[in-house]
Amino acid sequence: MPESEPKLWETAVGIVKRLRDEGHEALFAGGCVRDRLMGIPAKDVDIATSARPDVVKSLFPRCLGVGESFGVIIVLTGGSRFEVATFRLESDYEDGRHPGRVKYSDARQDVERRDFTINGLLLDPLDGDRVIDYIGGQADLEKGVIRAIGEPERRFAEDHLRMLRALRFAARFGFEIEPATFMAIREQARSIHRVSAERINEELIGIFTCPRPERGLGLLDESGLLAEVLPEVEALKSSGDVYSHTRAMLGSMKDPTETLAFGVLLQAFGQLEAGSSTAGKICGRLRFSGEQTRRIKALVENHSSFRSVETMSLRELKRFLRQEHFEEHLELHRLDCESGDGDLSHWEFCCCKLEEIPEDRLWPPRLLTGDDLLEMGFDPGPEFKEILLAVENAQLEETLVTAEEAKEFVLDRWSPSGASELDTKPEPK
């Protein structure tokens, strides 16, 4: 258990005690209770209370009212953020995400508006961590079932993102989705387009970086959501081997970064002529950041380059090995091999070269700079880049070692006037 978790829990208990001392009901709610019962360390602790938002703000000196219109106050204390929400009913979901009306209620009614039974548990930290279960959440937790609270159709109509959340929980915990709940997802899958791309992205990242991403892909497919949020990946099913290989690679990942997970998901497009642009289009649609998009596209683009590593020149090999986040490229290739023919020779070659080539040879300090060229009498211009690249290439090939050698190399090929040897040859008549 992380050292921070007991402190987090203890600080949250202090918030509950403060509310109780003022005569208000207060309990831990939602995911922190579920995770506690499953033995999973809490990343955050949410508190449900009978106290109104204005009362909560009056009791705690540091608060954020970002969700105050929905009865939610963020309490800042002990170096952490705690969501303190007033028991409430919600209705009139006009946009399939946010309630148009909020009415304060009691603990039972507050639970009954939530998404899934395993997330509808309450816990009293001042009474021996007593669990309060109005909706059969403990039984579903023990059986490993994701079940919507009340009518599934209504729960998903209220908040369309819950469909992806159901799949994420099922993939993360290895649970089954209760049939009526899964049927409601299938029936409402197309409504996912009403949810913002950023929220969809967040759930997809959760699915593909969880312990069972291959199960998440299967559930996305079976529910009809894959065709809605990742139609390009759904189209890979027409080539069964490619889709199966992708799913096998996902299943072999261990604690992947977000970019590696999506690089694995989209690597098959690297075999296509427009593979990189397809990956970029998907990343753009899902609102990945520019940096994330560059990393994912690079993984897709370089996916096949490992086949050539043993025939690369020393210069080409060094440039290949020193790509940004090369550990992701290496891991994607390993997953590809182990999920395919099992031939790890190119992966092993790269690993050996990374150990064999010292850092100062892989990333040698520059022998010449633009200032050096100016001192040598060259005029600034586009040729600077050509000269410096040629010096760097020779340096990576290890045919140049010192700055003096580099200067001689340059003067042998270019004149300080800026004209190259090729330029000084007489033009053909």
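Above this text sits the structure in question.
Now for a quick tour of the structure. Treat the numbers as computed from the prediction; the structure is a model and nothing was measured.

All told, the structure shown has 1 cavity of 30 Å³ or more when counted by the stated rule. If you go around the largest cavity, the residues you meet are Leu299, Asn302, His303, Phe306, His329, Leu332 and His333. The element contributing the most residues to the lining of the largest cavity is helix H18 (residues 326-338), with 3 residues. Taken together, the residues of the lining of the largest cavity break down into 3 nonpolar, 4 polar and no charged.

Turning to the packing of aromatic side chains, a few remarks are in order. In this structure the tally under the stated criterion is 10 aromatic pairs. Centre to centre, the rings of Phe306 and Phe320 are 5.0 Å apart; their planes meet at 80°, and the pair counts as edge-to-face. In this pair, Phe306 sits in the loop between helix H16 (290-301) and helix H17 (314-321) while Phe320 sits in helix H17, placing the two residues 14 residues apart along the sequence. Centroid distance Phe320 to Phe326: 5.5 Å. Interplanar angle 75°. Geometry classified as edge-to-face. This pair shows no difference in class: Phe320 is buried, exactly as Phe326 is. Ring pairs connect the aromatic residues Phe116, Phe156, Phe169, Phe173 and Phe175, which therefore count as one cluster.

As a further point, take the nonpolar core. If you look at the biggest cluster of nonpolar residues, it comprises 81 residues, and the most contacted ones within it are Leu19, Phe28, Leu204, Phe208 and Leu230. Sort the elements by how many residues they give to this core and helix H7 (residues 162-173) lands first, with 7 residues. Residues within four places of Leu19 in sequence aside, it is in contact with His24, Ala26, Ile47, Thr49, Ala51, Val56, Leu59, Phe60 and Val84. Among the nonpolar cores identified, the runner-up in size contains 15 residues, and Phe378, Phe384, Ala394 and Phe409 belong to it.

Before going further, it helps to spend a moment on the layout of surface pockets. By volume, the second largest pocket is sized at about 220 Å³. Looking at the lining of the second largest pocket, the element that brings in the most residues is H18, giving 3 residues. Here the lining of the second largest pocket is built from residues that sort into 1 nonpolar, 6 polar and 4 charged.

A word on H7. The end-to-end C-alpha distance of H7, which contains 12 residues, comes to 16 Å, matching closely the 16 Å that a straight helix rising 1.5 Å per residue would cover. Counted residue by residue, H7 has 10 buried out of 12 residues, so it is predominantly covered. Taken as a whole, H7 has its buried residues at Arg162, Met163, Leu164, Ala166, Leu167, Arg168, Phe169, Ala170, Ala171 and Phe173. Among the residues trailing H7, Gly174 stands out with phi positive, at a value near 75°.

Among the surface-exposed residues, Glu310, Asp341, Asp343 and Glu348 lie close enough to one another that they form a single negatively charged patch. Tracing the chain through its elements places Asp343 in the loop between H18 and helix H19 (345-356).

Moving on to the pairing of strand E3 (residues 63-67). Looking along a regular strand, one sees side chains alternate from face to face of the sheet. Relative to strand E4 (residues 72-77), E3 is paired through 3 bridges, and the arrangement is antiparallel. Bridge pairing links Cys63 to Val75 in E4. Between the antiparallel neighbours E3 and E4 lie 4 residues, among them Gly71 with a positive phi of about 85°.

At their nearest, the axes of helix H13 (residues 240-252) and helix H14 (residues 258-266) sit 8 Å apart, and the two run at 160° to each other. In terms of axis orientation, H13 runs roughly antiparallel to H14. Regarding H13 and H14, the two cross each other, and that crossing is right-handed. Between H13 and H14, the residues in contact are Thr246, Met249 and Leu250 and Ala261, Val264 and Leu265, respectively. Along the lines of polarity and charge, the residues of the contact of H13 with H14 split into 5 nonpolar, 1 polar and no charged.

This part covers the side chain of Thr11. Among the structural elements, Thr11 can be located in helix H1 (residues 4-21). Look at Thr11 and you get buried, because its relative accessible area is 19%. The residues touching Thr11, leaving out its near neighbours within four places in the chain, are Thr77, Gly78 and Phe82.

Considering the arrangement of structural elements, one finds Lys237 in the loop between helix H12 (231-235) and H13. Overall, the relative accessible area of 36% leaves Lys237 in the partly exposed class. With sequence-adjacent residues up to four places away left out, Lys237 is seen in contact with Asp221 and Tyr243. Within the structure, Lys237 has its side chain in polar contact with the side chain of Asp221 (distance 2.9 Å).

Once that is clear, we can look at unusual backbone geometry. Leaving glycine aside, a negative phi is the common case for residues, and trans is the common case for peptide bonds. Even without a glycine there, the phi angle at Arg287 is positive, about 60°. We note that His325 has phi near 55°; this positive angle belongs to a residue other than glycine. Within the element layout of this structure, His325 appears in the loop between H17 and H18.

Counting across every chain of the model gives 33 salt bridges. Of the charged contacts, one joins Lys57 and Glu68 as a salt bridge, the two residues approaching to 3.1 Å between their closest N and O atoms. Here the residue Lys57 occupies a position in helix H3 (residues 53-59), and Glu68 occupies one in the loop between E3 and E4, the gap between them amounting to 11 residues. Overall, Glu68 belongs to the partly exposed group, its relative accessible area being 28%. A salt bridge links Arg130 to Asp127; its shortest N-O distance comes to 2.7 Å. Taking the relative accessible area as the measure of exposure, Arg130 reaches 40% and is therefore partly exposed. Under the relative-accessibility criterion, Asp127 is labelled partly exposed at 39%. Where salt bridges share partners, they join Arg20, Asp124, Asp127 and Arg130 into one cluster.

Definitions and limits used
- Residues numbered from 1 in each chain as written.
- Predicted model: local features only at pLDDT ≥ 70, side-chain atom pairs only at ≥ 80, totals over all residues.
- Heavy atoms only, no water.
- 1 Å grid on protein atoms, 1.4 Å probe; cavity = no way out; pocket = protein on both sides within 12 Å on 5 of 7 lines; lining within 4 Å.
- Points joined across faces, edges and corners; volume = space filled by probe spheres on them.
- Helix = DSSP H or I, 4+ residues; strand = E, 2+ residues; numbered from the N terminus.
- Nonpolar A, V, L, I, M, F, W, Y, C, P; charged D, E, K, R; others polar.
- Phe/Tyr/Trp six-rings, centres within 6.5 Å; stacked < 30°, edge-to-face > 60°.
- Buried < 20%, exposed > 50% of the residue type's maximum accessible area, 1.4 Å probe, protein only.
- Core = buried A, V, L, I, M, F, W, Y, C linked by side-chain atoms within 4.5 Å.
- Contact = heavy atoms within 4.5 Å.
- Expected span 1.5 Å × (residues − 1).
- Patch = residues over 30% accessible without salt bridge, like charges linked within 9 Å, V, L, I, M, F, W, Y side chains within 5 Å.
- Areas by Shrake-Rupley, 256 points an atom, 1.4 Å probe, with all protein chains shown as cover.
- Salt bridge = Lys/Arg side-chain N within 4 Å of Asp/Glu carboxyl O.
- Lys, Arg positive; Asp, Glu negative; His and termini not counted.
- Charge placed at Lys NZ, Arg CZ, Asp CG, Glu CD.
- Pairing = 2+ DSSP bridges.
- Axes fitted to C-alpha atoms, helices over the stretch in contact; angles between N-to-C directions.
- Parallel < 35°, antiparallel > 145°, perpendicular 65-115°, else oblique.
- Left-handed = near helix turned anticlockwise from the far one by under 90°.
- Polar contact = N/O pair within 3.5 Å; in protein donor to acceptor, adjacent residues only side chain to side chain.

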